[in-house]
Amino acid sequence: MRSLVDDLVRTPPPRSTIALAAVAAVLLALAAFVSAPSSVPRCTPIGPPTHLDRTPLPSSDPIGITVGSIDACSSLLAVGVDAQKRIEVPSVHTPEQAGWYRLGPTPGELGPAVVVGHVNGDGRDGVFADLDDVERGDRIAVSRRDGRTASFTVTDVVQADKDAFPTTAVYGDTRDAQLRLITCGGALDRSAHRYDDNVIVFASYDGWSRNP
Amino acid sequence: MKHTIAAVAATAVLVLAPLGVAGTASAQTRYDNCQEAFDAGVSNIQRGEPGYRLPLDRDRDGVACEADGADGGSPSASGSGSQDETVSSSGSTRPDQVTVVPEGGAETGDGSTETGAAPLVAGGLLAAFAGAFVVRRSQAGRR
């Protein structure tokens, strides 16, 4: 059985075949270009903490966050609440930017520290575009102003209706240092440009390293 | 007032040290919150012991003002002189680690990268190319 390549080489290719091959080559090149970022990590890899100690750290504002398994990383913008007491998020026009909820604990401190990030915005993937791919056991690192990088291990990933948001589970007091990552998910209301659900990652603090 | 309680408790700690920390709460002791207990050097108050109150046992496990912070307050901060910092005026039954609990979820996306026309066009192009190659092959085979 002759291969496709044989066909192309042995028979004088008609012009249309050449054109097709050219377009195919361009497409292949494009595909390679588009898929390249997933093979070359954008974020600095994170390892296990050098100081394995679950004792909560003192308060220190966070600087940046990395979720290793989905190659997501961002600096952290401090966000609060709006007039309706809803949590603020970084501008949808900068979907790559994650935000830390400043009216709660700092990551590594006792309690539930909260980080929000867009799934998408302005036609681009957001920092947490792949947050629903995060699995239990995945590692999250948050660098802090005090020179420590707090390390967290994912304990749970849930998807919840925004109208039945698990407020207590997310924002309620905890007995150790915790981290929650929040983004959008579920069905999209196209007219309102709004998702019905939130994807929430729950993680537990398990130690720290010096900032890289 | 707080200082008096602290002093009394501190004295109690000295006198009753052999009985263990949990036994140091005297019969008259009432702590408004766990930070106050910690500042007085008291933690892990068992149910039935003086000083135990349900509002101080947030996780309802029968041990109030646990040293690991499970019931609120911060035992490690005791003695640092910053006791008022973590004392919640609302009592220790309400969450206080997050000072303002937001309402509802987060608006984190506008759906602008959702599956729309673009992937369909790409898929159509792929199908067209596949079809073209099949036609080429069958023509070549006939030659």
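Cut-offs used in this document
Residues numbered from 1 in each chain as written. Chains lettered and ligands numbered in written order. Predicted model: local features only at pLDDT ≥ 70, side-chain atom pairs only at ≥ 80, totals over all residues. Heavy atoms only, no water. Helix = DSSP H or I, 4+ residues; strand = E, 2+ residues; numbered from the N terminus. Polar contact = N/O pair within 3.5 Å; in protein donor to acceptor, adjacent residues only side chain to side chain. Contact = heavy atoms within 4.5 Å. Buried < 20%, exposed > 50% of the residue type's maximum accessible area, 1.4 Å probe, protein only. Pairing = 2+ DSSP bridges. Salt bridge = Lys/Arg side-chain N within 4 Å of Asp/Glu carboxyl O. Phe/Tyr/Trp six-rings, centres within 6.5 Å; stacked < 30°, edge-to-face > 60°. Lys NZ or Arg CZ within 6 Å of the ring centre and 35° of its normal.

- An unreviewed UniProt entry lists chain B under the name Excalibur calcium-binding domain-containing protein, with Actinomycetospora termitidis as the source organism.

- Per an unreviewed UniProt entry, the recorded name for chain A is Class F sortase, and the organism is Actinomycetospora termitidis.

1. A few points about the side chain of B:Q97
- Relative to the helices and strands, B:Q97 resides in the loop between α3 (83-86) and α4 (117-142).
- Polar contacts involving the side chain of B:Q97 include one to the main-chain amide nitrogen of A:T174, which spans 2.7 Å.
- Apart from residues no more than four positions distant in its own chain, B:Q97 is found in contact with A:G104, A:P105, A:L110, A:G111, A:P112, A:G172, A:D173 and A:T174.

2. Looking at the pairing of strand β9 (residues 177-189) of chain A
All names here are of chain A.
- Counting buried residues in β9 gives ten out of 13 residues, a clear majority hidden from the surface.
- Of the strand pairs in this sheet, strand β4 (residues 111-116) and β9 are connected by six bridges, and their pairing is parallel. By the bridge assignment, V115 is partnered in β9 with L181.
- What sits between β9 and strand β10 (residues 194-210) in their antiparallel hairpin is a turn of four residues, with H193 showing a positive phi close to 50°.

3. Things to note about the pattern of salt bridges
Residues and elements named next belong to chain A.
- Applying the stated criterion across every chain yields a total of ten salt bridges over all chains.
- Here E96 makes a salt bridge to R124, at a shortest N to O gap of 2.7 Å. Linking E96 in the loop between β2 (72-79) and β3 (98-101) with R124 in strand β6 (residues 124-125), this pair joins segments that are 28 residues apart in sequence.
- Residue classification places E96 among the partly exposed residues on the basis of a relative accessible area of 38%.
- Overall, R124 belongs to the partly exposed group, its relative accessible area being 34%.
- Several salt bridges share partner residues, and in doing so they unite R144, D146 and R148 into one network.

4. What about the packing of aromatic side chains?
Residue and element names in this part refer to chain A.
- Tallying each qualifying case throughout the model produces three aromatic pairs over all chains.
- Ring centres of Y101 and Y171 lie 6.0 Å apart, and the angle between their planes is 65°; this geometry places the pair in the edge-to-face category. Linking Y101 in strand β3 with Y171 in helix α3 (residues 167-171), this pair joins segments that are 70 residues apart in sequence. Take Y101 and Y171: they sit in the same class, and that class is buried.
- Relative to Y171, the ring of F165 has its centre 6.2 Å away and its plane inclined at 40°; by these criteria the two rings are tilted. In this pair, the class of F165 matches that of Y171, namely buried.
- The rings of Y101, F165 and Y171 are connected pair by pair, giving a single aromatic cluster.
- When the ring centre of W208 is taken as origin, the NZ or CZ atom of R148, which lies over that ring, is 4.6 Å away.

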